[in-house]
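# Working through the structure, step by step
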Amino acid sequence: MTTFAALIDAYGVEAALVHGGISEEMRVFINPILTNRSDKTWSAVTPLGERNKARYYCFCPPQAGLDAAKDAYLIVDGKSYDFVRAEPYVVEGSVSHWEAVVKVREENYE
């Protein structure tokens, strides 16, 4: 286990990665992406109500295997998040952890 993976395991929050109806328990770091706060739009009003537009950095353990989980989503503290992008962080030839950007999962009303 890499040092960063050990930090995620020790200090990350409990989460569940759901893919194909199977839930895998793990620990992750998740924090909002803060750029220029005065220009950041955190929500938008739509005909159906307010929509959360915030994005979050998410650091997952190496065993998350997000490259094969195209339709996967993450559940943290009762909130569901869709992956915007996810990339493995490779150190000395092996995956140290996964770095992802996630957004709050919205219901599909179509």
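One structure accompanies this document, and this report is about it.

Thresholds, definitions, all that
Residues numbered from 1 in each chain as written. Predicted model: local features only at pLDDT ≥ 70, side-chain atom pairs only at ≥ 80, totals over all residues. Heavy atoms only, no water. Core = buried A, V, L, I, M, F, W, Y, C linked by side-chain atoms within 4.5 Å. Buried < 20%, exposed > 50% of the residue type's maximum accessible area, 1.4 Å probe, protein only. Helix = DSSP H or I, 4+ residues; strand = E, 2+ residues; numbered from the N terminus. Contact = heavy atoms within 4.5 Å. Pairing = 2+ DSSP bridges. Phe/Tyr/Trp six-rings, centres within 6.5 Å; stacked < 30°, edge-to-face > 60°.

So, about the nonpolar core. The biggest cluster of nonpolar side chains holds 20 residues, and the ones touching the most others in it are L17, V28, L74, Y81 and F83. Broken down by secondary-structure element, the contributors of at least two residues to this core are β1 (13–19), β2 (22–32), β5 (55–60), β6 (73–76), β7 (79–91) and β8 (94–104). It is β8 that provides the largest number of residues to this core, a total of four residues. Excluding residues that lie within four positions of it along the chain, V28 makes contacts with I8, G12, V13, A15, C58, F59, C60, P61, L74 and V76.

This part covers the pairing of β8. For β5 and β8, the ladder comprises six bridges, and the chain directions are antiparallel. Bridging across to β8, Y57 finds its partner in V101. Where β7 meets β8, ten bridges bridge the pair, whose relative direction is antiparallel. Its bridge partner lying in β8, P88 is registered against W98. Between β7 and β8, which pair antiparallel in sequence order, lie two residues; one of them, E92, sits at a positive phi of approximately 50°.

The next thing to look at is the packing of aromatic side chains. Each aromatic ring pair is described using two quantities: the centre-to-centre distance and the angle formed by the ring planes. Across all of its chains, the model carries four aromatic pairs by this definition. Relative to F29, the ring of F4 lies with its centre 6.3 Å away and its plane at 75°, an arrangement referred to as edge-to-face. Taken together, the positions of F4 in helix α1 (residues 3–11) and F29 in strand β2 put the pair 25 residues apart, joining distant regions of the chain. What makes F4 partly exposed here is its relative accessible area of 28%. On the basis of relative accessibility, which here comes to 22%, the residue F29 falls in the partly exposed class. Aromatic side chains Y56 and Y81 sit 5.5 Å apart centroid to centroid with 75° between the ring planes, which places their arrangement in the edge-to-face category.

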